[in-house]
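Inside the fold
Listed below, chain by chain, are the residues.
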Amino acid sequence: MAGDLTRTLSRLIESTGPISLSHFMGEANTHYYSSRDPLGSDGDFTTAPEISQMFGEMVGIWLADMWLRSNGQSDKDMDLPSNRPAYVELGPGRGTLANDALRTMAQFNVAPEVHFIEGSPVLREMQSAVRPDATWHDSVETLPNDRPLLIVANEFFDALPIRQLVATHAGWRERVVVRDGEHFMPLPGSRPMDAAVPETFANAPAGSILETCPAASGIAFEIAGRLAAQGGVLLVIDYGYEQDRLGSSLQAVWKHDKVDPFVDPGERDLTAHVNFAELARMAQARDAHIDGPVDQGAFLKALGIEARANLLMESAADQQDTISQALQRLVDDDQMGSLFKVMAVRSAGWPEPEGFGKA
Ligand code: SAH
């Protein structure tokens, strides 16, 4: 069943010609997230915080530890009007991670202001049910500038629209989307794009694809600038890779299955793997320090998730199987444990974080 967006994009392509893949993915995901709650077993995909409260608790412990050891410092010794930090989450979904993390931080007497960057009205509504104290933003720009920032992004960057360049026998072209009968289809565009390709990849064979995510790069750059001025950290958890590489990672998920990303835009979740090397470069350009990426499993274990699971199992004997299965899903190598990576970005004055294998 074709959704509204199929008609809108078809008409657009008919009247103005091919659209960029980035435009296609941006429109598709905006429609997708604005019109539903995609999470959980009844939805399209399940994220770590929805598997178990232990995930958010580990994030909360990590943030509280960073905050307490930093003494709220900004590296520029700025005279910030407020020393109460802001908890900021990018794309908070149902608000589950925020709720679990903030409850845990409160146990360490860390009580930040709560700020959410969220594009979807449906999800904003769900988030306000669990965190009525939050303030919502459309972008990083309007986040408070008078206090240190404790920022978390779990499965946020992978939802941002990517651009793809494809090598052809006539040179590099942007990958665009056309209409092919009933379907959409990617094709090389007509404008030469060789100038946008780094030298290492310039001579890649025809058919090679170079993927970038300008929106993710821009947000990493902007956040690192804020961290330099205000002090703070950004914790990124996502499916991704650690070195620049070629290849398309665009995929679509619908009801927990992989499906064709060019069918029924706006009705299935489109994602691409996160280029952690690029996020790190953007942040380092503004003097931020980078830790990781490390595997999610290693990170969570270093923070004590196994001890936490044991404690929960002791206090709820009837839940033992559920808790132990949730633990495995989060940390095992054949589940989320090594597919998902964790990277920390911190302002220069802030201490080395726990969880990155340096202790
Ligand atoms: N972090 C949550 C949800 C992940 S799904 C969890 O782990 O469960 C991706 C989230 O990012 C959703 O909340 C979605 O609405 C939001 N999102 C996606 N693209 C966005 C954009 N361009 N601007 C703001 N929020 C966006």
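In short, a report on the structure.

What counts and how
- Residues numbered from 1 in each chain as written.
- Predicted model: local features only at pLDDT ≥ 70, side-chain atom pairs only at ≥ 80, totals over all residues.
- Heavy atoms only, no water.
- Helix = DSSP H or I, 4+ residues; strand = E, 2+ residues; numbered from the N terminus.
- Rg over C-alpha atoms; globule rule 2.2 N^0.38 Å.
- Buried < 20%, exposed > 50% of the residue type's maximum accessible area, 1.4 Å probe, protein only.
- Contact = heavy atoms within 4.5 Å.
- Areas by Shrake-Rupley, 256 points an atom, 1.4 Å probe, with all protein chains shown as cover.
- Axes fitted to C-alpha atoms, helices over the stretch in contact; angles between N-to-C directions.
- Parallel < 35°, antiparallel > 145°, perpendicular 65-115°, else oblique.
- Left-handed = near helix turned anticlockwise from the far one by under 90°.
- Nonpolar A, V, L, I, M, F, W, Y, C, P; charged D, E, K, R; others polar.
- Pairing = 2+ DSSP bridges.
- Polar contact = N/O pair within 3.5 Å; in protein donor to acceptor, adjacent residues only side chain to side chain.
- Salt bridge = Lys/Arg side-chain N within 4 Å of Asp/Glu carboxyl O.
- Near = heavy atom within 4 Å.

**A few points about the overall build of the protein**
Secondary structure assignment for the protein yields 11 helices and 16 strands. What you see for the protein is a C-alpha radius of gyration of 21 Å, in line with the 21 Å of a compact globule of 359 residues. The C-alpha extent of the protein, read off along each of the three principal axes, is 60 × 50 × 35 Å. Split into buried and exposed, the 359 residues of the protein put 54% on the buried side. Excluding contacts between residues fewer than 6 apart, the proportion of contacts in the protein whose partners are at least 24 apart in sequence is 77%. Here the protein displays about 16,000 Å² of accessible surface, and carbon together with sulfur accounts for 49% of that area.

**Observations concerning the packing of helix α4 (residues 53–70) against helix α10 (residues 305–315)**
One can describe the packing of α4 onto α10 by two numbers: an axis separation of 10 Å at closest approach and a directional angle of 130°. Comparing the axis directions of α4 and α10 gives the class oblique. Note that α4 runs across α10; the crossing there is right-handed. On α10, the residues touching Q53, M54, E57 and M58 of α4 are I305, R308, A309 and L312. A per-class count over the contact of α4 with α10 returns five nonpolar, one polar and two charged.

**What about the pairing of strand β11 (residues 251–254)?**
Pairing geometry for β11 and strand β13 (residues 269–271), over three bridges, is antiparallel. Within β13, the position partnered with A252 by the bridge is L270. Sheet topology places β11 next to strand β12 (residues 257–259); three bridges connect them, and they run antiparallel. Note that in β12 the partner of V253 across the bridge is K258. A loop of two residues connects β11 with β12, the two strands running antiparallel in sequence, and K255 in this loop sits at a positive phi of about 45°.

**Here's the deal with the side chain of Q251**
As for its position among the elements, Q251 is in strand β11. Of the residues examined, Q251 reaches a relative accessible area of 18% and is grouped as buried. Apart from residues lying up to four places away in sequence, Q251 is in contact with K258, D269, L270 and T271.

**Description of the side chain of D238**
As for its placement among the helices and strands, D238 is situated in strand β10 (residues 232–241). A distance of 3.4 Å separates a polar side-chain atom of D238 from the backbone nitrogen of F156. Look past the residues within four positions of D238 in its chain and what remains in contact with it is E155, F156, F157, D158, V274, F276, L339, F340 and K341.

**Structural notes on the pattern of salt bridges**
Counted under the stated rule, the structure contains 18 salt bridges. Among the salt bridges present, the one from E50 reaches R94, with a minimum N-O distance of 3.4 Å. Of this pair, E50 sits in helix α3 (residues 48–51) while R94 sits in the loop between β2 (86–90) and α5 (96–107), and the two are 44 residues apart along the sequence. The class of E50 is partly exposed, set by a relative accessible area of 24%.

**Section: the site of the ligand**
As a structural note, the neighbourhood of the ligand is formed by 16 residues, with T47, G91, G93, E118 and N154 the closest of them. At 2.6 Å from an oxygen atom of the ligand is found a side-chain nitrogen or oxygen belonging to T47. Contact distances for the ligand include 2.7 Å between an oxygen atom and a side-chain N or O atom of N154. Protein contact buries 88% of the 570 Å² of open area that the ligand shows by itself.

**Focus on the environment of V59**
Along the polypeptide, V59 turns up in helix α4. A relative accessible area of 0% places V59 in the buried class. Apart from residues lying up to four places away in sequence, V59 is in contact with L97, A101, V152, L235 and I237.

**Quick word on the environment of W62**
Tracing the backbone shows W62 in helix α4. Taking the C-alpha atoms as reference points, W62 and A216, separated by 154 residues in sequence, lie 23 Å from one another. For W62, the residues in contact, after removing those within four places along its chain, are V233, L235, F299, L303, A344, P353, E354 and F356.

**Considering the packing of α10 against helix α11 (residues 320–331)**
The interhelical angle for the contact between α10 and α11, taken along N-to-C directions, is 165°, at an axis separation of 9 Å. The orientation of α10 with respect to α11, classified from their angle, is roughly antiparallel. In the crossing of α10 with α11, the sense of the turn from one axis to the other is right-handed. Where α10 approaches α11, its residues I305, E306, A309, L312 and M313 are matched on the opposing element by Q320, I323, S324, L327, L330 and V331. Counted by class, the contact of α10 with α11 contains eight nonpolar, two polar and one charged residues.

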